[in-house]
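# Architecture and fold: a report
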Amino acid sequence: MILLYIVAGIAVLVFILAMIAPKTYDVFRTIEIARPKAVVFEYLKYLKNQQQWSPWEKKDPNMEKKFTGTDGEVGAVSYWNGNKDVGEGEQEITKIVDGKRVEGELRFLKPWKSTSDCYMEVDEVSDGKTKVTWGFSGKNKFPVSIMMLFMNMDKAVGKDFEEGLQSLKILMEK
């Protein structure tokens, strides 16, 4: 009988945690770059250009990379397979709003499978200055949602986004 109470208690606890756990995440960072919006957008729409400023490139400069499709167009895919810091996955361009936004789908394969939406957006701040917003969002499915009670996605990847945007700024302002 005690075992039954223990199992029931654990089931209730898991149910309560699942109910209060965050169901979605949305992480983004912005930076201003002293370059015209059109120039910044033209650079950002190409997946291969991310190799020059991505923080994950620094974490594993020897990762395996493959590109399929026409870079800078919907359907282009960047695949990577690296060390434990970068894992394995791919990014596909799913939508381009010319001069404004590039949207994609991130498909992580290792260390665990998950899918997120990602985007790069540009807005003109003033003549010759552009605000770049880099972000990603997704859904936390059970049981991962319970883990998110103890892990903050913004803290987990926010610093990487900041580092990447700072590298992008330095590169674009040369």
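For the structure given in this document, a descriptive report is provided here. (Residues numbered from 1 in each chain as written. Predicted model: local features only at pLDDT ≥ 70, side-chain atom pairs only at ≥ 80, totals over all residues. Heavy atoms only, no water.)

### So, a nonpolar patch on the surface
The criterion, for reference: A residue counts toward a patch only above 30% relative accessible area and without a salt bridge, and it is joined to like-charged neighbours within 9 Å or, for Val, Leu, Ile, Met, Phe, Trp and Tyr, to nonpolar neighbours within 5 Å. We get accessible surface area from the Shrake-Rupley algorithm with a probe of 1.4 Å; when it comes to residues, only the shown protein chains can shield them. By definition, a salt bridge exists where a carboxyl oxygen of Asp or Glu is found within 4 Å of a side-chain nitrogen of Lys or Arg. Here a helix means four or more residues in a row that DSSP labels H or I, a strand means two or more in a row labelled E, and each is numbered from the N terminus.
A cluster of nonpolar side chains, contributed by I2, L3, I6, V7, I10, V14 and F142, occupies part of the molecular surface with about 710 Å² of accessible area. Considering the arrangement of structural elements, one finds F142 in the loop between β7 (129-139) and α4 (144-147).

### Concerning the sheet that holds β7
Cut-off, in case you're wondering: Strand pairing is defined by DSSP finding a minimum of two bridges between the two strands. Convention adopted: a line fitted to C-alpha atoms gives each axis, helices being fitted over their contacting stretch, and angles between N-to-C directions are expressed from 0 to 180 degrees. Pairs of residues are marked as contacts when any of their non-hydrogen atoms sit within 4.5 Å.
If you walk across this open sheet you meet the seven strands as β1-β7-β6-β5-β4-β3-β2, and the pairing is antiparallel. The sheet is open, and its two borders are formed by β1 (24-33) and β2 (64-68), each paired with just one other strand. Taking each pair of neighbouring strands and ignoring which way they run, the sheet shows an average axis angle of 20°. Sheet topology note: the β1/β7 ladder contains ten bridges and is antiparallel. Considered in β7, the bridge of I33 is made with T130. On top of the sheet, helix α2 (residues 37-44) reaches β1, β4 (88-97), β5 (101-110), β6 (114-126) and β7; it is set at about 160° to β6, its chief contact.

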